Amino acid sequence: MQQTILAISGKPGLYKLVSRGKNNLIVEALDATHRRLPAFATDRITSLADIAMFTETDDVPLMDVLENLKTLEGGKKASINEKKASGAELQDYFTKVLPEWDRDRVHNSDIKKLITWYNILVENGVTDFKEEMSPTEGDNVDDRK
């Protein structure tokens, strides 16, 4: 079963799409609570499969970056504590994950968020990033005339 993992602007963590309502989405928090809540059209909702990281050449899909991180960590949680690590430590670590990352456009906060998201996904048993998450199809299109 393919899952759609979402990031909602202004809300911490990640969410799994559970159902679609008429004017909203029902999402489930990927944290200890697993509480369900509505997400509305006014919320900025992005599928992780639709996100890319800046590099010196082409943008790399987030799923590829997460796969690189999984390979580096052997499928376990990240070995770096993103909350306590210095900027230099974060950048050195991220260079191991994505050597050609764009140092001007990728900020330390982006690296922290990536590591946090990776840890959330691993804790929830989502580790097959290529198979489990695919880009959304037509979700942002209003079919009403």
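Please read all numbers here as calculations on a predicted model, not as lab measurements.

Reading guide: rules and limits
- Residues numbered from 1 in each chain as written.
- Predicted model: local features only at pLDDT ≥ 70, side-chain atom pairs only at ≥ 80, totals over all residues.
- Heavy atoms only, no water.
- Buried < 20%, exposed > 50% of the residue type's maximum accessible area, 1.4 Å probe, protein only.
- Helix = DSSP H or I, 4+ residues; strand = E, 2+ residues; numbered from the N terminus.
- Pairing = 2+ DSSP bridges.
- Contact = heavy atoms within 4.5 Å.
- Salt bridge = Lys/Arg side-chain N within 4 Å of Asp/Glu carboxyl O.

K.L.:
Just to check I follow, could you spell out the pairing of strand β4 (residues 36-40) for this structure?
P.N.:
Side-chain direction in a regular strand flips from residue to residue, so the side chains alternate between the two faces of the sheet. The two faces of β4 differ: Leu 37 and Ala 39 on one face are buried, but Arg 36, Pro 38 and Phe 40 on the other face are not. Relative to β4, strand β3 (residues 24-29) is paired through 5 bridges, and the arrangement is antiparallel. Residue pairing in the sheet places Glu 28 in a bridge with Arg 36 of β4. Here β3 folds back onto β4, and the loop between the two strands holds 6 residues, one of which, His 34, carries a positive phi near 50°.

K.L.:
Please clarify how the environment of Glu 73 should be interpreted in this entry.
P.N.:
Summarising the element assignment, Glu 73 is placed in helix α1 (residues 62-73). The buried category is assigned to Glu 73, whose relative accessible area is 14%. Sequence spacing of Glu 73 and Val 97 is 24 residues, and the spatial spacing of their C-alpha atoms is 9.6 Å. Those residues in contact with Glu 73, other than ones at most four positions away along the chain, are Ala 78, Ser 79, Tyr 93 and Tyr 118.

K.L.:
Before we go on, may I ask you to explain the pattern of salt bridges in this structure?
P.N.:
Counted according to the given criterion, the structure contains 5 salt bridges. Its salt-bridge partner being Glu 28, residue Arg 36 comes within 3.1 Å of it at the nearest N-O pair. By relative accessible area, which is 55% here, Arg 36 ends up exposed. Asp 102 is the partner of Arg 105 in a salt bridge, and the nearest nitrogen-oxygen pair spans 3.0 Å.

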